[in-house]
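Take a look at the letters that make up each chain.
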Amino acid sequence: MEENNNVVSAIYGQVAENRLHENLIVNKGDTLLILNVEKVDQDIATIKQRLELNLQYQEDLKSLLNGKSKTLITFLYQNELAEYNQKLIELDAEIKHKAKDYRINKELFEKEVVAKLEFEKIEYK
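Computed from a predicted model, the values in this text were never measured in an experiment. (Residues numbered from 1 in each chain as written. Predicted model: local features only at pLDDT ≥ 70, side-chain atom pairs only at ≥ 80, totals over all residues. Heavy atoms only, no water.)

1. Details of the overall build of the protein
Link 1 in the chain: Along its length, the protein carries three helices and two strands.
Link 2 in the chain: Of the regular secondary structure in the protein, the N- to C-terminal order runs β-β-α-α-α.
Link 3 in the chain: For 125 residues, the compact-globule estimate of 2.2 N^0.38 gives 14 Å, and the C-alpha radius of gyration of the protein, at 35 Å, exceeds that figure by more than 25%.
Link 4 in the chain: The dimensions of the protein, computed from C-alpha atoms along their principal axes, are 110 × 30 × 20 Å.
Link 5 in the chain: Within the protein, counting contacts between residues at least 6 apart in sequence, those at least 24 apart form 12% of the total.
Link 6 in the chain: Carbon and sulfur atoms provide 53% of the accessible area of the protein, an area that totals close to 11500 Å².
Link 7 in the chain: Taken together, the 18 basic and 23 acidic charged side chains of the protein have centroids lying 12 Å from each other. (Helix = DSSP H or I, 4+ residues; strand = E, 2+ residues; numbered from the N terminus. Rg over C-alpha atoms; globule rule 2.2 N^0.38 Å. Contact = heavy atoms within 4.5 Å. Areas by Shrake-Rupley, 256 points an atom, 1.4 Å probe, with all protein chains shown as cover. Lys, Arg positive; Asp, Glu negative; His and termini not counted. Charge placed at Lys NZ, Arg CZ, Asp CG, Glu CD.)

Below you can see the structure in the form of structure tokens.
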């Protein structure tokens, strides 16, 4: 009857109202504190949004692994794919440029305009 008892809440939050006072007779089920759980609700909403975004990331990764890049839904992977495709275009252009240089230099070598040593230097650049 005169023991100290711990009072704990099933959730955490800021105390909005305190209904406790000295020598208060308390019965089971009485409301002693009212908690403001707005912050908890915001945290839950944020976690749900992150979870949804992560699920979308997973779907995009599955699409990419299956070669279905047109079905991407997240900006992150749409942007990454656009950058990747741009890099491929740049590398392809560089390969074509190097191949053209090689053909020209090979033709010059075959016509003996360029020395073999010079041609080999150009060939391995």
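2. Considering the pattern of salt bridges
Link 1 in the chain: Scanning the entire structure with this criterion turns up five salt bridges.
Link 2 in the chain: Arg-19 is the salt-bridge partner of Glu-17, the closest N and O atoms lying 3.0 Å from each other.
Link 3 in the chain: Its salt-bridge partner being Glu-59, residue Lys-62 comes within 3.7 Å of it at the nearest N-O pair. Here the residue Lys-62 and the residue Glu-59 both occupy positions in helix H1 (residues 38-65), the gap between them amounting to three residues, near one helical turn.
Link 4 in the chain: Assessed through its relative accessible area of 47%, Lys-62 is described here as partly exposed. (Salt bridge = Lys/Arg side-chain N within 4 Å of Asp/Glu carboxyl O. Buried < 20%, exposed > 50% of the residue type's maximum accessible area, 1.4 Å probe, protein only.)

3. Concerning H1
Link 1 in the chain: Taking 1.5 Å as the rise per residue, H1 with 28 residues should run 40 Å; its terminal C-alpha atoms sit 41 Å apart, in good agreement.
Link 2 in the chain: The set of residues buried in H1 consists of Val-40, Asp-60 and Ser-63.
Link 3 in the chain: Contacts made by the buried residues of H1 are with helix H2 (75-110).
Link 4 in the chain: Once H1 finishes, Gly-67 follows within two positions and takes phi at roughly 75°, a positive value. (Expected span 1.5 Å × (residues − 1).)

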